[in-house]
Amino acid sequence: MKKIYLLLMLMTWPILFCYGDIKSAPLTTNADAVKLYNYLNEQYGKKTISAVMAEWNWNHNVADQIYKDVGKYPAMNCYDFIHIFVPKGNGWIDYTDITPVKEWADAGGIVSLMWHFNVPTSETATITASGGGVTFEPSKTTFKASNALIEGTWENKWFYQEMEKVADVILQLQVQGIAALWRPFHEAAGNATAKQQANWTKAWFWWGYDGADVYKKLWVAMYDYFKQKGVTNLIWVWTTQNYNGNSTGYNQDTDWYPGDEYVDIIARDLYGSTTAQNLQEFTEIQTTYPTKMVVLGECGKSGNTAFANIPDIWESGAKWGWFMGWCGDNLPSSEWWQAALNSEYVITRDEVNMQSSGISSVKTPCHTNDTRYNLSGQEVGHSYRGVVIQNGKKFISL
């Protein structure tokens, strides 16, 4: 009976991960990007970094409102190149003016960038100044992802001309010494990894619609093109679907992973998730990618269902490197932000200190031998009786 009780207790305790296995350097050697990566790595497993989405636009309005409500800014602001296609002189958005990003960086904030990569609805579509004529939904366009990789096609022309616009803006940031987290082509697999295939088990963005192999080639094409353009100030973040939260109904999307040589950090997007669901997701992802930092690329409400409170998530053992609250209808409540930004586990903008990162960010590699630890992290001998951790796994030594 005692053994059964111990086993039940063991099942309820979170897995302890060996954060010393996290890769100690990013893909780039750019000094500003290395400093940013080192800072993230230094905090990983100790505290989580707060972040917010900039209402799909080129500003920090949502972050400003959170500051008015809570008295603190999230540490990170995420900007989206979703409108980069809009013709010049449109009168409402100009990505070549990097003032909104520079303001945030100059105030000590961390910069994150993503891209809802819009494409024309057809080869002959008219792109309007108000943002019409484009989509990122595969069902609403004749744009084929596979053709984007074939020189001479209209899809290839659009793919590279839009990447050039984005690269040129990022290069402006690079000149100003601003490094950024870069999360393109997110949620690629969509529902495509469902074990029982149906007409709805498809990718929901065009970049994933032609399958995993094409998707990975798109990622590599962007990585190589940015490198060719001289872009070196990015930390590359890939977003997994991680069984879509249901390993019974979905396969893991590791076939969609571009590879360690093209990815620095792994993200997951969750909405309306409980504390337990966060722990499950974090555990599965960190186990799948043990050398990568794992983060909440997006989080927020799902309809009337709130997202779990960050302090509760952290205490459960789901130690996301950062969490980014989405905007609009998915934006968490002021009360949620109050609890998050005032938590001892959460880093806000005023607490970001890039100067602290450096040699102190180097972590001691994990033991990969027969060394055992108790739940307090103390090394114990093989005669120790009770719950122990060895090589990142828990078991009962009797």
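Reference entry: report on the structure contained in this document. (Residues numbered from 1 in each chain as written. Predicted model: local features only at pLDDT ≥ 70, side-chain atom pairs only at ≥ 80, totals over all residues. Heavy atoms only, no water.)

## Quick look at the overall build of the chain
Next, step 1: In terms of regular secondary structure, the chain is built from ten helices and 15 strands.
Next, step 2: Relative to its 398 residues, the chain shows a buried fraction of 54%.
Next, step 3: In the chain, of all internal contacts separated by at least 6 residues, the share reaching a separation of at least 24 is 73%.
Next, step 4: Of the roughly 17,600 Å² of accessible surface on the chain, 50% is carried by carbon and sulfur atoms. (Helix = DSSP H or I, 4+ residues; strand = E, 2+ residues; numbered from the N terminus. Buried < 20%, exposed > 50% of the residue type's maximum accessible area, 1.4 Å probe, protein only. Contact = heavy atoms within 4.5 Å. Areas by Shrake-Rupley, 256 points an atom, 1.4 Å probe, with all protein chains shown as cover.)

## Side note on the nonpolar core
Next, step 1: Phe 81, Leu 113, Trp 206 and Phe 226 are the most contacted members of the largest nonpolar core, which has 115 residues in total.
Next, step 2: Per-element tally for this core: the top contributor is helix α7 (residues 212-229), with eleven residues.
Next, step 3: When residues no more than four places from it in sequence are discounted, the contact partners of Phe 81 are Trp 58, Tyr 95, Leu 113, Met 114, Trp 115, Val 166, Val 169, Ile 170 and Trp 182. (Core = buried A, V, L, I, M, F, W, Y, C linked by side-chain atoms within 4.5 Å.)

## Considering the packing of helix α5 (residues 154-175) against α7
Each packed pair of helices is defined by two parameters, the angle between the axes and the distance between the axes.
Next, step 1: Look at α5 against α7: their axes get within 10 Å of each other, and the N-to-C directions meet at 50°. For the element pair α5 / α7, the angle class is oblique. In this structure, α5 meets α7 at a crossing whose hand is right-handed. Across the interface between the two elements, Phe 159, Tyr 160, Met 163, Glu 164, Val 166, Ala 167, Asp 168, Ile 170 and Leu 171 from α5 touch Leu 218, Ala 221, Met 222, Tyr 225, Phe 226 and Lys 229 from α7.
Next, step 2: Class assignment for the residues of the contact of α5 with α7 results in twelve nonpolar, no polar and three charged. (Axes fitted to C-alpha atoms, helices over the stretch in contact; angles between N-to-C directions. Parallel < 35°, antiparallel > 145°, perpendicular 65-115°, else oblique. Left-handed = near helix turned anticlockwise from the far one by under 90°. Nonpolar A, V, L, I, M, F, W, Y, C, P; charged D, E, K, R; others polar.)

## Here we look at unusual backbone geometry
Next, step 1: With phi around 45°, Phe 185 is a residue other than glycine that occupies positive phi space.
Next, step 2: Tracing the sequence through the fold places Phe 185 in the loop between β6 (180-184) and α6 (206-209).
Next, step 3: Positive phi, close to 50°, is recorded for Asn 244, a residue that is not glycine.
Next, step 4: Summarising the element assignment, Asn 244 is placed in the loop between β7 (234-240) and β8 (265-271).

## What to know about the pairing of strand β2 (residues 76-80)
Next, step 1: Most of β2 is tucked away, with five of its five residues classed as buried.
Next, step 2: Side-chain alternation along β2 places Met 76, Cys 78 and Asp 80 on one buried face and Asn 77 and Tyr 79 on a second face that is also buried.
Next, step 3: The pairing of strand β1 (residues 48-53) with β2 spans three bridges and is classified as parallel. Residue pairing across strands places Met 53 opposite Cys 78, the latter belonging to β2. (Pairing = 2+ DSSP bridges.)

## So, the environment of Asp 106
Next, step 1: Assignment of secondary structure puts Asp 106 in helix α4 (residues 99-106).
Next, step 2: In this structure Asp 106 comes out as exposed when scored by relative accessible area, which is 57%.
Next, step 3: Note: C-alpha distance between Asp 106 and Ile 178 (72 residues apart in sequence) is 9.2 Å.

## Here we look at the environment of Thr 126
Next, step 1: The topology assignment puts Thr 126 in the loop between β4 (119-120) and β5 (134-135).
Next, step 2: Here Thr 126 falls in the exposed class, since its relative accessible area comes to 58%.
Next, step 3: If near-sequence neighbours (up to four positions away) are discounted, Thr 126 is found in contact with Gly 132 and Gly 133.

## So, the side chain of Asp 269
Next, step 1: Mapped onto the secondary structure, Asp 269 falls in strand β8.
Next, step 2: Side-chain polar atoms of Asp 269 contact the side chain of Arg 183, separated by 3.2 Å.
Next, step 3: Within the structure, the side chain of Asp 269 is placed 3.0 Å from the backbone nitrogen of Glu 298, a separation counted as a polar contact.
Next, step 4: If we skip the residues at most four places from it in the chain, Asp 269 touches Arg 183, His 186, Glu 187, Thr 239, Gly 297 and Glu 298. (Polar contact = N/O pair within 3.5 Å; in protein donor to acceptor, adjacent residues only side chain to side chain.)

## Focus: the packing of aromatic side chains
Next, step 1: Evaluated as defined, the whole model comprises 39 aromatic pairs.
Next, step 2: Relative to Trp 104, the ring of Tyr 73 lies with its centre 5.6 Å away and its plane at 85°, an arrangement referred to as edge-to-face. Taken together, the residues span a long stretch of sequence, with Tyr 73 in the loop between α3 (61-70) and β2 and Trp 104 in helix α4 at a distance of 31 residues.
Next, step 3: Their ring planes at 35° and their centres at 6.4 Å tell us that Phe 323 and Trp 337 sit as a pair that is tilted. You can see Phe 323 sitting in strand β10 (residues 322-325) and its partner Trp 337 sitting in helix α10 (residues 334-341), a full 14 residues away along the chain.
Next, step 4: Since its relative accessible area comes to 2%, Trp 337 is described here as buried. (Phe/Tyr/Trp six-rings, centres within 6.5 Å; stacked < 30°, edge-to-face > 60°.)

## Description of α4
Next, step 1: Considered for burial, the residues of α4 that qualify are Pro 100, Val 101 and Trp 104. Down the axis of α4, the buried side of the element spans an arc of 100°, and every buried residue falls inside it.
Next, step 2: On its buried side, α4 packs onto α3, β2, β3 (110-115) and α5. (Arc of directions from axis to C-beta.)

## Section: the packing of α3 against α10
Next, step 1: Put simply, α3 and α10 touch, their axes get as near as 10 Å, and they point 80° apart. Overall, the two elements α3 and α10 adopt an arrangement that is roughly perpendicular. Contacts from Ile 66, Asp 69 and Val 70 of α3 reach α10 at Ser 334, Trp 337, Gln 338 and Leu 341.
Next, step 2: For the contact of α3 with α10, the class distribution of residues is four nonpolar, two polar and one charged.

## Thoughts on the pattern of salt bridges
Next, step 1: Counted under the stated rule, the structure contains ten salt bridges.
Next, step 2: A salt bridge links Glu 281 to Arg 268, with the nearest nitrogen and oxygen atoms 2.9 Å apart. With Glu 281 in helix α8 (residues 275-288) and Arg 268 in strand β8, this pair connects stretches of sequence that are 13 residues apart. Here Glu 281 matches Arg 268 in class, with each residue buried.
Next, step 3: Shared partners join several salt bridges into a network, and the residues in it are Glu 164, Asp 168 and Lys 229. (Salt bridge = Lys/Arg side-chain N within 4 Å of Asp/Glu carboxyl O.)

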